[in-house]
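Summary of the model geometry
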Amino acid sequence: MSKLKLLAGFLKLKLPESWVDTLSITPRPVVRGREIDTKAHLASELVGMLRDANDPPSIDESRAQLAVMARKFERPCPDAIDKTDITLPGAEGPRAARIYGGQGQDPFSQTPTLLYLHGGGWVQGSIETHDGLCGWLAHLAGIRVISYEYRLAPEHPFPAAANDILACYRALVAGDTKVAVDPATLVVGGDSAGGNLTACLMHDLVLEGRALPAGQLLIYPGMDAALSSQSMTDLRDQPLLPAARIKWYLGMYIPDGYDWLDPRISPLYSETLAYQPEAFIVAGGHDPLWDDAQSYADKLRSAGVAVTQLDYPGQIHAFMSLTRVLPQGNDAIGKTAAWLRRILKKG
């Protein structure tokens, strides 16, 4: 790897996209008619220089990589947002959480809320790695965001994360925490593994007959552990999230003896979809999980659920967390915030 080539790539990433397009001399990949966006292509090439898709890191290395990526490429939480660190219940004890809200607002009083579940392949990520995204959603939507830190594999494999989230939701809507939450003005959402866990929570809530939230926010979610979709095959070598790394994540998350197509792992196979709340689904066309999002949206619609779909055919996995360099990430955050405002009746 040429250090000079790597440095030049990082410098180009900071330029406006039209400039990067002018400077590019190689054709951009096209997958089934979806051409990758200019800066998304450059970011993918840089990640490909930095890591070998077929050589998984250690757990500690993987967690450190995500933390560094968040610091370098995610816009920080806006100054207009106050943050309050608390704990909320989990299945086996309290878990870290962070409340985001407008300056001077009581973080604990009843107000429209997004309960956010971070991504990271069930093995990495935290309230810190998604601090900027949660802050911007709170700011642009004018709502409270509660970011929740569920237990991670492999130390705590399935069903620990799903059980933590279910325990947290039960406590919030039952009034068993100091945070006042009304399910009628609550959305649950997350990105990637957090989107998967959001859909798994909807499945659990329907089976338990519990009060459902007003909506579910699914940002490039992983919905099918079969890993047999067309986009998974077409984009198996996509540097941001290659198929080999997805299999590694799932191998760490799911213990021996579990069915990978269990709806609490692969919510695409849930039989509760007809009873679920309105959904907002974000997908990138150069993400192996593109078809997961498309298939889940189709199944929800077929079951009679209202779905708003926000597709970016030229984008890569995690683009809403790469907002220092990918303008489409900021666009998606703005449109997601507008949906949150609508469904939570904020204007």
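Before any of the text, the structure's been laid out above.
The structure reproduced in this document is the subject of the present report.

Each value, and the rule that gives it
- Every chain is numbered independently, its residues counted from 1 as its sequence is written.
- Reporting of local features is limited, given that this is a predicted model, to residues whose pLDDT is at least 70; pairs of side-chain atoms are given and counted only at 80 or more, and all residues count toward the totals for whole chains, interfaces and linings.
- As a convention, hydrogens and water are excluded, and side-chain values are obtained from all of the structure's heavy atoms.
- A fitted line through C-alpha atoms represents every axis, and for helices the fit uses only the stretch in contact; the resulting angles, taken between N-to-C directions, go from 0 to 180 degrees.
- Strands here are runs of E lasting at least two residues and helices are runs of H or I lasting at least four, both read from the DSSP assignment and numbered beginning at the N terminus.
- The labels follow the angle: roughly parallel below 35 degrees, roughly antiparallel above 145, roughly perpendicular from 65 to 115, and oblique for the rest.
- The handedness criterion is simple: a crossing whose near helix is rotated anticlockwise from the far helix by less than a right angle is left-handed, and one whose near helix is rotated clockwise is right-handed.
- Two residues qualify as a contact provided that any one of their heavy atoms is within 4.5 Å of a heavy atom in the partner residue.
- Classification used: nonpolar for Ala, Val, Leu, Ile, Met, Phe, Trp, Tyr, Cys and Pro, charged for Asp, Glu, Lys and Arg, polar for all others including Gly.
- For every residue, the accessible area obtained with a 1.4 Å probe (protein chains only) is divided by the maximum for its type, and the residue is called buried under 20%, exposed over 50%, and partly exposed between those limits.
- Strands pair, by our definition, only if DSSP identifies at least two bridges between them.
- Classification remark: right-handed applies to a crossover when, strands pointing away from the viewer, the course from the first strand over the helix to the second runs clockwise.
- For this analysis, a ring pair means two rings from Phe, Tyr or Trp (six-membered ring only for Trp) whose centres lie within 6.5 Å, classed as stacked if their planes differ by under 30 degrees, edge-to-face if by over 60, and tilted for the remaining angles.
- Note on geometry: a ring has a charge over it if NZ (lysine) or CZ (arginine) is within 6 Å of the ring centre and within 35 degrees of the ring normal.
- Buried residues of nine kinds, namely Ala, Val, Leu, Ile, Met, Phe, Trp, Tyr and Cys, make up a nonpolar core once their side-chain atoms join them within 4.5 Å.
- Here, a salt bridge means any Lys or Arg side-chain nitrogen found within 4 Å of an Asp or Glu carboxyl oxygen.

1. As for the packing of helix α4 (residues 59-73) against helix α9 (residues 243-253)
Orientation of α4 relative to α9, taken along the N-to-C sense of each, is 120°, at an axis distance of 13 Å. Considered as vectors, α4 and α9 are oriented oblique to each other. Relative to α9, the crossing made by α4 is left-handed. Listed contacts from α9 to I59, S62 and Q65 of α4 are R245, W248, Y249 and M252. Looking at side-chain class alone, the contact of α4 with α9 contains 4 nonpolar, 2 polar and 1 charged residues.

2. Observations regarding the packing of helix α5 (residues 131-141) against helix α11 (residues 327-343)
The relative placement of two packed helices is expressed as an angle between their axes plus a distance between the axes. At their nearest, the axes of α5 and α11 sit 8 Å apart, and the two run at 50° to each other. On the basis of their axis angle, the class for α5 and α11 is oblique. Two packed elements cross with a definite hand, and for α5 against α11 that hand is right-handed. Facing L133, W136, L137, L140 and A141 of α5, the residues of α11 in contact are I333, G334, T336, A337, L340 and R341. When the residues that make up the contact of α5 with α11 are grouped by side-chain class, the tally is 8 nonpolar, 2 polar and 1 charged.

3. Section: the pairing of strand β7 (residues 186-191)
When a strand is regular, its side chains alternate between the sheet's two faces. The buried fraction of β7 is high, at 6 of 6 residues. Residues L186, V188 and G190 point to one face of β7 and V187, G189 and D191 to the other, with burial holding for every one of them. The sheet contact formed by strand β5 (residues 113-117) and β7 spans 5 bridges and is parallel. Bridged to Y116 within β7 is G189. Taken together, the 5 bridges between β7 and strand β8 (residues 215-219) define a ladder with parallel strand orientation. Looking at β8, one finds that G189 is bridged to L217. The β-α-β motif built from β7, the intervening helix α7 (residues 193-208) and the parallel element β8 has right-handed crossover chirality.

4. Remarks on the packing of aromatic side chains
Inspection of the entire model under this criterion finds 7 aromatic pairs. Considering the side-chain rings of W122 and Y253, the 4.8 Å spacing of their centres and the 10° angle between planes classify their relative orientation as stacked. In this pair, W122 is assigned in the loop between β5 and α5 and Y253 in helix α9, connecting sequence segments 131 residues apart. Here the aromatic cluster, defined as three or more aromatic residues joined through ring pairs, consists of W122, F158, Y253 and Y258. Its guanidinium or amino end placed over the ring of W136, R75 lies 3.8 Å from that ring's centre, counting from NZ or CZ.

5. Some words on the nonpolar core
Grouped together as the largest cluster of nonpolar side chains are 45 residues, with contacts concentrated most on L114, V145, I316, F319 and M320. Secondary-structure elements contributing two or more residues to this core are α3 (38-50), β5, α5, β8, β9 (278-284), β10 (307-312) and α11. Ignoring sequence-local partners within four residues, the contact set of V145 consists of R98, I99, Y100, L114, Y116, C134, L137 and A138. Core analysis: the next-biggest nonpolar cluster, separate from the first, contains 44 residues, L88, I99, A161 and V179 among them.

6. Here we look at the pairing of β8
Burial analysis of β8 places 5 of its 5 residues in the buried class, the great majority of the element. Of the two faces of β8, the one lined by G215, L217 and I219 and the one lined by Q216 and L218 are each fully buried. Relative to β9, β8 is paired through 5 bridges, and the arrangement is parallel. Counterpart to L217 in the pairing with β9 is F280.

7. As for the sheet that holds β5
The pairing of strands in a sheet happens through backbone hydrogen bonds and is either parallel or antiparallel. In spatial order, the strands read β3-β4-β6-β5-β7-β8-β9-β10; together these 8 strands make up an open sheet with mixed pairing. Strand pairing shows two members of the sheet lacking a second neighbour, β3 (81-90) and β10, which therefore form its edges. Neighbouring strand axes in the sheet, compared pairwise and without regard to direction, differ in orientation by 20° on average. Bridge count for β9 against β10 is 6 bridges, and the pairing is parallel. When the bridges of β10 are listed, F280 appears paired with T308. Across the sheet, α5 lies against β3, β4 (93-102), β5 and β6 (144-148), angled at about 45° from β4, the strand it touches most.

8. A look at the pattern of salt bridges
Side-chain pairs of opposite charge can arise whenever the charged atoms involved come near each other. Per the stated rule, a full pass over the model turns up 15 salt bridges. Its salt-bridge partner being R170, residue E208 comes within 2.3 Å of it at the nearest N-O pair. Of the two residues, E208 sits in helix α7 while R170 sits in helix α6 (residues 160-174), which places them 38 residues apart along the sequence. Overall, the relative accessible area of 35% leaves E208 in the partly exposed class. Between E278 and R342 there is a salt bridge, with the nearest N and O atoms lying 2.3 Å from each other. A residue pair is termed long-range when its members are at least 10 positions apart, and E278 in strand β9 and R342 in helix α11 qualify at 64 residues. For R342, a relative accessible area of 45% corresponds to the partly exposed category. Each member of the salt-bridge network shares a partner with another, and the members are K83, D85, R98, E128 and D131.

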